[in-house]
Amino acid sequence: MKLLVVEPYATGHHMALHVRLIARAAHARGWHLQLLTTATATSHPSFQLVRDEVGPGLEVFLMPEVERVTSTTAVSLIRAQFNCYQSISRGFRQIPEEASADHTYMTNIDSCDKVMSVLGSPFGTAPYSGMMMSVKFHRHPMKIGPPSRSDWFYERSFRRLSRIRSLQAITVIDESFAEFAERGPHPYATVRLVPDPGELRGHESQAEAKTSLGISTDRALIVVYGSLTARKGIRELLDAVASGTLERAGVLLAGTPDEHTKQLLEGETARALIQRGQLFLQFGFLDDVQEYRVFRAADIVWTCYSKGFYASSGVLYQAGSLGLPVVGSNLGLIAWLINKHDNGVCCDPASAGSVVAALTQLVSDATLRTRLGANGKRLADSHTGEAFGNAICASVQ
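Residues numbered from 1 in each chain as written. Predicted model: local features only at pLDDT ≥ 70, side-chain atom pairs only at ≥ 80, totals over all residues. Heavy atoms only, no water.

Participant: So what exactly am I meant to see when it comes to the side chain of Ser321 here?
Facilitator: In this structure, Ser321 sits in helix α13 (residues 314-321). Its relative accessible area of 13% is what places Ser321 among the buried residues. Polar contacts involving the side chain of Ser321 include one to the main-chain carbonyl oxygen of Gly198, which spans 3.2 Å. Engagement of the side chain of Ser321 in a polar contact is seen with the backbone oxygen of Gln318, the distance being 2.7 Å. In this structure Ser321 touches Gly198, Glu199, Leu200, Lys377 and Ala380, once residues within four positions along its chain are discounted. (Helix = DSSP H or I, 4+ residues; strand = E, 2+ residues; numbered from the N terminus. Buried < 20%, exposed > 50% of the residue type's maximum accessible area, 1.4 Å probe, protein only. Polar contact = N/O pair within 3.5 Å; in protein donor to acceptor, adjacent residues only side chain to side chain. Contact = heavy atoms within 4.5 Å.)

And the structure:
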């Protein structure tokens, strides 16, 4: 089996986690793995993680760089999708015929799904599958998000996409959409549910991890991990911890901050928390050891994302893998998962009192943290990296 994986970007979980785990599972099966990506992505540390999984057997093909679009208007978003579609299509056509794969897998169909539903596959008639990370039109019917005027468009676009003849499977990590796809008014035979991976491995104790990070072992540490953007709810978290009722709590921001977050951390609230020893920063790309240390040091993991965030988060499963409770928004898929699996508490990120109450409940009650964390561990045990990689490989055979 010769499998071509398509991933233009190296940031986030796509390369370091998803491509890496697919590579591991494919390599274990004795498959020949190819990667279609950009030159920029190959210079990122996460690309080396993928190469380490496969060794010299990884065959890399380059696509043109994807032109970025900064505007969020509907026209600009379609343009961004068209740019990505063109880059993937051009890169695929440049692959020599003798190197043609048996199957192609896109780690993020969302990057050009609307354009693909109109123009068809960027791979011609070659068989392919791919992941959709953020399907939206089912959220209101499933009572996990508000209705949108665009739901009808998204639903019809998805239906057209799913009917492309060369598309073998659409893999999703959203449990609620998998239920909707099976039982809804228009069942989608191409949809396959795969586990959102969140496995962490290491050997440090919590005390050792906190000490390594310069954090007192007495601190009840709340971790925010990943791309540190406005929608991560960081402002709401810092305001809650600065309210004066959470003196034992500390916050660790670990990952890559955007400009909004950098400006936030220059503000009075953040500076005061740093001076009081309640805010800690670890910025940049974290390798496996650093990632494990961050979560191992945690007592609570923050997944209470705001700004209209209704999707899932791999961080929830990473927290569960180490038996840690999460704090989530009271809307969206994360809330749906917390209510289903009882692995955390929910609050309204727009309400300071609600955030403070949720954090106080967890910071002050170690027994509750243990119980919720154990439930999270049971959930995460079925969301290992091996389970994810094997599920993807099974979907493309």
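Once you've had a look at it, read on.
Participant: It is not clear to me how the sheet that holds strand β6 (residues 167-172) should be interpreted in this structure. Could you clarify?
Facilitator: Sheet strands associate in pairs through backbone hydrogen bonding, adopting either a parallel or an antiparallel arrangement. Spatial ordering of the open sheet is given by β3-β2-β1-β4-β5-β6-β7, a layout of seven strands whose pairing is parallel. The open sheet has two edge strands, β3 (59-62) and β7 (191-193), and neither has a second partner. Here the strands of the sheet are splayed against their neighbours by 25° on average, with no regard to which way each runs. Bridge count for strand β1 (residues 2-6) against strand β4 (residues 103-106) is four bridges, and the pairing is parallel. The partner of Leu4 across the bridge, within β4, is Thr104. (Pairing = 2+ DSSP bridges. Axes fitted to C-alpha atoms, helices over the stretch in contact; angles between N-to-C directions.)

Participant: Explain the environment of Asp365 here, please?
Facilitator: The residue Asp365 is located in the loop between α15 (352-364) and α16 (366-380) in this model. Judged by its relative accessible area of 31%, Asp365 is partly exposed. On a C-alpha basis, the gap between Asp365 and Ile274 in space is 25 Å, while along the polypeptide they are 91 residues apart.

Participant: Could you clarify how one ought to interpret the packing of helix α9 (residues 234-241) against helix α11 (residues 268-275) in this entry?
Facilitator: The relative placement of two packed helices is expressed as an angle between their axes plus a distance between the axes. Running from N to C, α9 and α11 cross one another at 55°; their axes reach a closest spacing of 10 Å. Considered as vectors, α9 and α11 are oriented oblique to each other. As for the relative orientation of α9 and α11, their crossing is left-handed in sense. Between α9, through Leu238, Asp239 and Val241, and α11, the contact on the second element is made entirely by Thr269, Ala270 and Leu273. Taken together, the residues of the contact of α9 with α11 break down into four nonpolar, one polar and one charged. (Parallel < 35°, antiparallel > 145°, perpendicular 65-115°, else oblique. Left-handed = near helix turned anticlockwise from the far one by under 90°. Nonpolar A, V, L, I, M, F, W, Y, C, P; charged D, E, K, R; others polar.)

Participant: Explanation requested: α13 in the structure shown.
Facilitator: Spacing of three or four residues puts side chains on the same side of an α-helix, whose turn is 3.6 residues. In terms of burial, α13 is largely enclosed, as eight of its eight residues are buried. Among the residues of α13, Gly314, Val315, Leu316, Tyr317, Gln318, Ala319, Gly320 and Ser321 are the ones counted as buried. Backbone geometry just downstream of α13 places Gly323 in the positive-phi region, at approximately 70°.

Participant: Hey, could you run me through the pattern of salt bridges in this one?
Facilitator: When their charged atoms lie close together, side chains carrying opposite charge are able to pair. Under the counting rule described, the total for this entry stands at 15 salt bridges. Taking the shortest distance from any N to any O, the salt bridge between Arg79 and Glu67 comes out at 2.7 Å. You can see Arg79 sitting in helix α4 (residues 74-93) and its partner Glu67 sitting in the loop between β3 and α4, a full 12 residues away along the chain. For Arg79, a relative accessible area of 44% gives the class partly exposed. Residue Glu67 is classed as partly exposed on the basis of its relative accessible area, which comes to 46%. Residue Glu155 is joined to Arg156 by a salt bridge in which the shortest nitrogen-to-oxygen separation is 3.8 Å. (Salt bridge = Lys/Arg side-chain N within 4 Å of Asp/Glu carboxyl O.)

Participant: Would you take a moment to explain unusual backbone geometry for this structure?
Facilitator: With the exception of glycine, most residues fall at negative phi, and the peptide bonds are largely trans. If you check the backbone angles, Lys143 has positive phi at about 60° while not being a glycine. Along the chain, Lys143 falls in the loop between β5 (128-132) and α6 (151-162). The phi torsion at Asp342 lies on the positive side, around 55°, for a residue other than glycine. Here Asp342 shows up in the loop between α14 (332-341) and β13 (344-347). Assessed through its relative accessible area of 32%, Asp342 is described here as partly exposed.

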